[in-house]
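Chain residues, written in single-letter form:
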Amino acid sequence: MVTTKLSAQETGGALGITHFSAVLGERAPRHTHTREDEIFIIEGGDVRLTVGDRTESVNGAGVLFLPRGIPHSYLVESETARFYVVTTPGGFERFFSQAGYSTELGKSAPVGESWSVDRTVEFAENLGLGVIWGD
């Protein structure tokens, strides 16, 4: 499930907050944000994050900063994981609505058959993201 908790529209563009309830194997391919920094706040589960050439596994809970301009990716390595992604400035939460997810406050959307890593390229380009494919 992907839930937008706070949108750029609600914060005057300052930030956006999205919550993920993810399952084993969910991932974001290696990509670079050109507009925003991200903060991952893991509240449960095992998530492997690669930022630049550094890989860090967060088991249970933790926080990691992903600066704009640095390629990064994540992979859920436990049966389930829960985490927040804070983006600053806001606006990245639009990615999910363009990919077919509702981003209205408090609305949830399942990550399932409609979601494909391959589909992310088009939506990422529309938001000014540079997607770098790799591990």
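Treat the numbers as computed from the prediction; the structure is a model and nothing was measured.

**Points about the overall build of the protein**
Then comes step 1: The number of helices and strands found in the protein is two helices and eleven strands.
Then comes step 2: Helices and strands appear in the protein in the N-to-C order β-β-β-β-β-β-β-β-β-α-β-α-β.
Then comes step 3: If you take every contact in the protein between residues at least 6 apart in sequence, the share linking residues at least 24 apart comes to 70%.
Then comes step 4: Carbon and sulfur atoms form 52% of the exposed surface of the protein, whose accessible area is close to 6700 Å².

**Quick word on the nonpolar core**
Then comes step 1: Residues Phe40, Val47, Leu49, Tyr74 and Phe83 are the most contacted members of the largest nonpolar core, which totals 17 residues.
Then comes step 2: Ignoring sequence-local partners within four residues, the contact set of phenylalanine 83 consists of Thr18, His19, Phe20, Ala22, Phe40, Ile41, Ile42, Glu43, Val47, Tyr74 and Val76.
Then comes step 3: Counting residues in each nonpolar core, the second largest holds five residues, with Phe92, Phe95, Ala124 and Leu127 among its members.

**Regarding the packing of aromatic side chains**
For any pair of aromatic rings, the description rests on two quantities: the centre-to-centre distance and the angle between the ring planes.
Then comes step 1: One pass over the full model with this rule turns up four aromatic pairs.
Then comes step 2: On the basis of an interplanar angle of 15° and a centroid distance of 4.9 Å, the ring pair of phenylalanine 20 and phenylalanine 83 is categorised as stacked. Here phenylalanine 20, found in strand S2 (residues 16-23), pairs with phenylalanine 83, found in strand S9 (residues 80-88); they are 63 residues apart in sequence, far enough to count as distant. Each of the two residues, phenylalanine 20 as well as phenylalanine 83, counts as buried.
Then comes step 3: One aromatic cluster is present, built from ring pairs that chain together Phe20, Phe40, Tyr74 and Phe83.

Conventions used here
Residues numbered from 1 in each chain as written. Predicted model: local features only at pLDDT ≥ 70, side-chain atom pairs only at ≥ 80, totals over all residues. Heavy atoms only, no water. Helix = DSSP H or I, 4+ residues; strand = E, 2+ residues; numbered from the N terminus. Contact = heavy atoms within 4.5 Å. Areas by Shrake-Rupley, 256 points an atom, 1.4 Å probe, with all protein chains shown as cover. Core = buried A, V, L, I, M, F, W, Y, C linked by side-chain atoms within 4.5 Å. Buried < 20%, exposed > 50% of the residue type's maximum accessible area, 1.4 Å probe, protein only. Phe/Tyr/Trp six-rings, centres within 6.5 Å; stacked < 30°, edge-to-face > 60°.

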